[in-house]
Amino acid sequence: MDTLGLETRRRLTLAATILGSSLAFVDATVVIVALPTIEEDLGLGLTGQQWIFLSYSLALAALYLVGGAIGDRYGRRNTFIAGATGFALASLLAGAAPNEAVLIVARTLQGVAGAFLTTNSLALLRGVYGAESGRAIGLWTSFTSVATIAGPPAGGALVEWVSWRWIFLVNLPFAAAAVGLAIVGRCREIPPERLGRLDVPGAALAAAGFGLLTYGLVEGAERGFGELWWAFPGAAAALAAFAVVERRVKQPMLPFELFRRRNFAVANAQTFLVYAALYGFFVFFTIYLQFLGFTPFEAGLLNIPSSLVMIALAARFGTLADRHGPRLYLTAGPALIGLGTLVFMLVDEKSDFWTAGIAGLLLFSLGLAMMVAPITATALKSAPERYAGIASGVNSTVSRLGSLIAVAVIGLVISLVFEARTDAPDAVPIARNQTAPELRDASVDGFRAGMILAAALAFAGAAVGGAGISNREARGEIEPAVSEQAPAPAGS
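Residues numbered from 1 in each chain as written. Predicted model: local features only at pLDDT ≥ 70, side-chain atom pairs only at ≥ 80, totals over all residues. Heavy atoms only, no water.

**Some details on the nonpolar core**
Here is step 1: Judged by nonpolar contacts, the single largest core of 52 residues is most densely connected at Leu278, Phe281, Phe285, Tyr288, Phe344, Phe353 and Met371.
Here is step 2: For this core, the elements supplying multiple residues, two or more each, are helix H12 (262-292), helix H14 (304-324), helix H15 (327-343), helix H16 (356-381), helix H17 (388-421) and helix H18 (437-468).
Here is step 3: It is H12 that contributes the most residues to this core, 16 residues altogether.
Here is step 4: If we ignore the near neighbours within four places in the chain, the residues touching tyrosine 288 are Phe344, Val347, Asp348, Ile430, Val444 and Phe447.
Here is step 5: Of all hydrophobic cores here, the second largest spans 33 residues; its members include Leu124, Ala136, Trp140 and Leu401. (Core = buried A, V, L, I, M, F, W, Y, C linked by side-chain atoms within 4.5 Å. Buried < 20%, exposed > 50% of the residue type's maximum accessible area, 1.4 Å probe, protein only. Helix = DSSP H or I, 4+ residues; strand = E, 2+ residues; numbered from the N terminus. Contact = heavy atoms within 4.5 Å.)

Written out as structure tokens, the structure is:
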């Protein structure tokens, strides 16, 4: 083991972070295909099915910042290994769950462990690769994206031909491999600065604030925002208290000085907008494909072109952004995503997918590959090394919050347009097997309205990147500082 060179150990670390993060990303979606079968087996009802999905997502989003802070305090590699181990144990509990309550607890624990995995995987890569992290992050993005896209079809196969329990049990060997690779791949890395005592009040308030906000957005879209109005003032109060605590403690979990760095503030603002566009498109694109007549398995397969483009190009764009600066890629990438989204509005029938649909998907995929690695690398590299875990946690939290808000708002827009175009009170927009011409026309109109909003978010992200990102700061030619063109610091 001592004979392994630095580059080999770096590659082993990269493989470990890809495996660990893929587990966390896949489990956010793969369970969806299994919910009807789990409901029949455990007698969950609709509410139980919702909580099996939401308990994981809420824990994951609420604890991103906490996971990054603990990684900075106790070491990113050790925290990553602990997260992978915890994820395996939670998956074992989920696979063996005898009832609804145990399964929901297990899913919550998976989300907790997943937060430690994802934030510390990116921070670990930066610590290992340093200034050369752009290409490594591009590879990480490529392969985790492939795993995320392949998850639902693979999960459907396990549910259909083996058992729903295996969508959880299959995580065990992959988690074990991630732990083994992380241990064998130990190498010299820029160590995190060990801060003082962990900011427990800040961690609790952040978890409460983001948890309430996420809960209100996701559940509100399903049950009605009027019923869950209390979640939003609760989230605002928790986040306001979080800001007060962070300004007063000696060692804050989220140093607001980070937002005085131009590229950090701009990259995270752009992340919010672009990831809102990405998930707003992908969620309803997949549903719309089934509305057009594709089966769920076929709809999953049609996402493969995006993953192939990511594999081929994401690492290259990451390398180019390291060399020339990220601003061009963070402007052109989101713009292509917006154009691809608009082109897909021309798809009215299943046959249209093979012309306009393919063209839109290729534009979208090229923009995605061009943008993902540079935006993540810029957000991480713009923060001081001692805050790499926190920077990763902020970026992950921002991307997830953007996606949740977009899915909720775009879904609401689709529903409002659909309801305005039809008199059928119980009809569902962009539903499968919808044959009545009036309903189909209303669904297409609703989908188009949603895609206009998704495209607008992408174009807004392109504008933010083009106007705000500093190539000189990204290349280290100038010290990060507040610029006249930079956004105002958070909390000012």
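There's plenty left to go through after this.
**Considering a nonpolar patch on the surface**
Here is step 1: The grouping of Phe297, Leu301, Ile304, Leu308 and Ile311 at the surface amounts to a nonpolar patch, some 440 Å² of accessible area in total.
Here is step 2: Only helix H13 (296-301) and H14 provide two or more residues apiece to the nonpolar patch.
Here is step 3: Per-element accounting of the nonpolar patch gives the leading share, three residues, to H14.
Here is step 4: Locating leucine 301 in the fold gives a position in helix H13. (Patch = residues over 30% accessible without salt bridge, like charges linked within 9 Å, V, L, I, M, F, W, Y side chains within 5 Å. Areas by Shrake-Rupley, 256 points an atom, 1.4 Å probe, with all protein chains shown as cover. Salt bridge = Lys/Arg side-chain N within 4 Å of Asp/Glu carboxyl O.)

**So, the side chain of threonine 118**
Here is step 1: Within the fold, threonine 118 resides in helix H6 (residues 100-129).
Here is step 2: If we skip the residues at most four places from it in the chain, threonine 118 touches Ser21, Ala24, Phe25, Tyr64 and Ser392.

**So, the environment of serine 163**
Here is step 1: Mapped onto the elements of the fold, serine 163 is located in the loop between helix H7 (133-161) and helix H8 (166-169).
Here is step 2: What makes serine 163 partly exposed here is its relative accessible area of 22%.
Here is step 3: The sequence separation of serine 163 and isoleucine 38 amounts to 125 residues, and the corresponding C-alpha distance is 9.5 Å.

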